[in-house]
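# Survey of secondary and tertiary structure
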Amino acid sequence: MNTILFRKYVPFVALLGLGLTACQPDLEDDFKASAGTADFSRYIAVGNSLTAGYSDNGLYLEGQQSSYPNLLAMQFKQVGGGDFVQPLFKAANGSGYLTITGFNADGTPQINPEAKDNNGTYVAPGQFATGRAYTAAGVPLLERYGATDNQNLGVPGIRIADITTASYGRLTGTSNPLTFNSYFERLLPSATDTRSYLDYVKSQVSAVNPTFFTNWLGNNDVLGFASTGGTGAPLTAVPEFTTKYGQMLDALTTGGAKGLVATIPNVTNVPLFTTVPTAAVIAQVSATPIPPALVPVIANLLKLPAGSPLPSGTRFGLYIRTGAGTNREATANDLLLLPARGVINTPSTTSPFPNGIGLVIPNADAPTTAALAASANALASSLVLDAAETKAVVDRTTELNNVIMTAAKAKNLAVFDANAYFTSIARTGVITNGINNTAAFVSGNLFSLDGVHPTPRGYALVANEMIKVINATYGASVPQLNAAAYRGVEFP
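The sections below set out a description of the structure shown in this document. None of the values given here were measured: they were computed from a predicted structure.

## Re the sheet that holds strand β13 (residues 414-416)
Within the open sheet, the four strands sit side by side as β1-β6-β7-β13. Their pairing is parallel. Each end of this open sheet is capped by a strand with a single partner; those strands are β1 (43-47) and β13. Taking each pair of neighbouring strands and ignoring which way they run, the sheet shows an average axis angle of 15°. Across five bridges, β1 lies against strand β6 (residues 212-216) in parallel orientation. In the sheet register, A45 faces β6, and the bridge partner there is T214. In this fold helix α15 (residues 456-474) packs onto β6, β7 (258-262) and β13, with an angle of close to 155° to the strand it touches most, β13.

Okay, structure coming up:
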């Protein structure tokens, strides 16, 4: 309806005395909610931490309630959607989460890496799973959900590569992070359940008989590698991803359900990788004068005669250890991970140089340059995604997204291009009800304190973007959320 045109002529018609009031539509409420060709009566959500509602480096009650599947289900109810059951924690703290506990003198937030907020009292994370044990790696087992009616099947940390792993939710003496997931374990009804995630999804599909689904799996197939500086799980190979992604879509569509899938965002755009500005750190380190007291130490390190001056131009440099296992001076194309800012230039117990620091002699020959790199106290590989690793992550993201797009097209599914959306967020941010939100860490309000997962407002915006795609694909008119009503980063 052309509302503007209609409003223009209504006063004139009224002056003519025509009795149109009784049959006149509500000019302020001409949006007609509709499911279109979709059926939202039974909805199921498959995915990883983003689907579960993970935020602030934890899964807790508020995050679960703000998960995009729960927000979608709320909106679906306005067009015939049914109830949506989530595996909510009984205690608000869930697995625990990060909080801002104060501010440093320079105004940067103090984010407590271990303490968990429990109604204002900080307690140890083990208290969040009363009666449960710790794994050998120190990961607490979580409070079991205990029911089988779950419709939010999101499992933090899971990769497409993991979905056919048997006993992925069963703790054994040989379990490790690649074969056991405590978040999946809490969804299973018993400690002896050996089902894979794919088999679990098939069971829930059989029980719920969904008419609509969302599937946002795949992020961890690149994030697991990227977030550990290439030292964690490897990038999932394209053939393996193709096969297993297809198996998941077959399971979800077996009963004829329609649905939406989402692509993998370029994870190097999120605050975990963008908050510590490599170029600025390099410039700061390079410009730092060498203290006179350190000159003899360096001269001895360079095997110079006693009392000799340092070679002209000798300066400090920021060094990293690459994924290939070599030390080199950092460049602006290397991405320093967020935890690196608490490590760079801190004292070392094993090197005369602070962490991440070494020496650079301009125009030195290759053997000297190599010797300086070897002597440097290079930043650990786990704290930096070097340029080659960054390219590998971006390239593999593109390849896996092509798989997702092709698979979705073959089954006529809606596609939320999360990669394009989060790329636009990284460039320009987004305004909601006059509030500007950006991808900046803490101040941007879209990403939580772990620098990867959204805040409740970020999840609300994701849900709205999904609704746009659902409406366009299925001719529906699912109303959107007021994203500004959901909080961003919470301050003390």
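## A short note on the pattern of salt bridges
Opposite charge on two side chains allows them to pair when their charged atoms are near. All chains considered together, the criterion is met by 13 salt bridges. Note that R487 is salt-bridged to E62, the shortest N-O span being 2.9 Å. Taken together, the positions of R487 in the segment after α15 and E62 in helix α3 (residues 61-65) put the pair 425 residues apart, joining distant regions of the chain. The exposure class assigned to E62 is partly exposed, which follows from its relative accessible area of 30%. Put simply, K244 and E240 hold a salt bridge, and the shortest N to O gap is 2.8 Å. A residue pair is termed a helical-turn pair when its members lie 3 or 4 positions apart in one helix, as K244 and E240 do in helix α8 (residues 238-253) at four residues. Taking the relative accessible area as the measure of exposure, K244 reaches 13% and is therefore buried. When salt bridges that share partners are traced, they join D56, E62 and R487 into one network.

## As for helix α14 (residues 418-428)
Here α14 has its buried residues at A418, N419, Y421, F422, T423 and I425. Where α14 is buried, its residues touch β6, α13 (387-410), β13, β14 (430-432) and α15. Just downstream of α14 lies G429, where phi reads positive at about 75°.

## Some details on the environment of P69
Relative to the helices and strands, P69 is located in helix α4 (residues 68-76). The class for P69 is buried, based on a relative accessible area of 0%. Residues P69 and G53, spaced 16 residues apart in sequence, show a C-alpha to C-alpha distance of 8.5 Å. Ignoring any residue separated from it by four or fewer positions in sequence, one finds P69 in contact with Y43, A45, T51, F84 and N152.

Criteria and cut-off values
- Residues numbered from 1 in each chain as written.
- Predicted model: local features only at pLDDT ≥ 70, side-chain atom pairs only at ≥ 80, totals over all residues.
- Heavy atoms only, no water.
- Pairing = 2+ DSSP bridges.
- Helix = DSSP H or I, 4+ residues; strand = E, 2+ residues; numbered from the N terminus.
- Axes fitted to C-alpha atoms, helices over the stretch in contact; angles between N-to-C directions.
- Contact = heavy atoms within 4.5 Å.
- Salt bridge = Lys/Arg side-chain N within 4 Å of Asp/Glu carboxyl O.
- Buried < 20%, exposed > 50% of the residue type's maximum accessible area, 1.4 Å probe, protein only.

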